Amino acid sequence: MTDTEIFDKVKEILVDQFDLEENEVSLTTDLTNDIDADSLDLFEVLNRVEDDFDIKLAVAEDIKTTQDLVDKVKAQLAA
């Protein structure tokens, strides 16, 4: 998968999870500050990402932005 394909799928998940418009999610979107995601929200997003990409993600403490999440997915897909 390309970075763009991964981002598009992650964006789709975030838009659905937080009832956002597509233009509200970019690679620099801060999940906590920009879209008010709390720890439960992030847990749900990560579960959905794991299901949709058929991967397992480690602890998400270092995932702050959409780019961080895309990078984690990309690393897991490459592993």
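Keep in mind the model is a prediction, meaning the values are calculated, not measured. (Residues numbered from 1 in each chain as written. Predicted model: local features only at pLDDT ≥ 70, side-chain atom pairs only at ≥ 80, totals over all residues. Heavy atoms only, no water.)

Undergrad: Outline the pattern of salt bridges, supporting the account with residue identities and numerical values.
TA: Under the defined criterion, the tally for this structure stands at seven salt bridges. When the shortest N-O distance is used, the salt bridge between E12 and K9 registers 3.1 Å. Of this pair, E12 and K9 both sit in helix α1 (residues 3-18), separated by three residues, roughly a single helical turn. Given the relative accessible area of 24%, K9 is considered partly exposed. Residues joined by salt bridges that share partners form a network here, namely K9, E12, D16, R48 and D52. (Salt bridge = Lys/Arg side-chain N within 4 Å of Asp/Glu carboxyl O. Helix = DSSP H or I, 4+ residues; strand = E, 2+ residues; numbered from the N terminus. Buried < 20%, exposed > 50% of the residue type's maximum accessible area, 1.4 Å probe, protein only.)

Undergrad: Talk me through the UniProt feature "modified residue: O-(pantetheine 4'-phosphoryl)serine" (unreviewed entry) in the protein; I want residue IDs and the actual numbers.
TA: According to UniProt, the feature "modified residue: O-(pantetheine 4'-phosphoryl)serine" (unreviewed entry) maps to S39 in the numbering used here. Within the secondary structure, S39 is located in helix α2 (residues 39-53). (UniProt positions renumbered as here; feature names shortened; annotations may be inferred.)

Undergrad: So what's going on with α2? Which residues, and what values?
TA: In an α-helix, one turn spans 3.6 residues; hence positions three or four apart end up facing the same way. An ideal rise of 1.5 Å per residue puts 21 Å on 15 residues; α2 measures up with 21 Å between its terminal C-alpha atoms. Here α2 has its buried residues at D41, V45, L46, V49, E50 and F53. Looking at the buried positions of α2, the neighbouring elements they touch are α1 and α3 (66-78). Put simply, D38 is the residue that caps the front of α2, since its side-chain oxygen is 3.1 Å from the backbone nitrogen of L40. At the C-terminal side of α2, D54 shows a positive phi close to 55°. (Expected span 1.5 Å × (residues − 1). Contact = heavy atoms within 4.5 Å. Polar contact = N/O pair within 3.5 Å; in protein donor to acceptor, adjacent residues only side chain to side chain.)

Undergrad: Give a description of the nonpolar core that names residues and reports values.
TA: Core analysis: the largest hydrophobic core is formed by 22 residues, its most contacted members being V10, L14, F18, V45, V49, F53 and L69. Put simply, the parts of the chain that give this core at least two residues each are α1, α2 and α3. Tallying contributions element by element places α1 first for this core, with seven residues. (Core = buried A, V, L, I, M, F, W, Y, C linked by side-chain atoms within 4.5 Å.)

Undergrad: So what's going on with unusual backbone geometry? Which residues, and what values?
TA: Although it is not a glycine, D19 sits at a positive phi angle of roughly 55°. On the secondary structure map, D19 appears in the loop between α1 and α2. On the basis of relative accessibility, which here comes to 72%, the residue D19 falls in the exposed class. Despite not being glycine, D54 has its phi angle at roughly 55°, a positive value. Inspection of the secondary structure puts D54 in the loop between α2 and α3.

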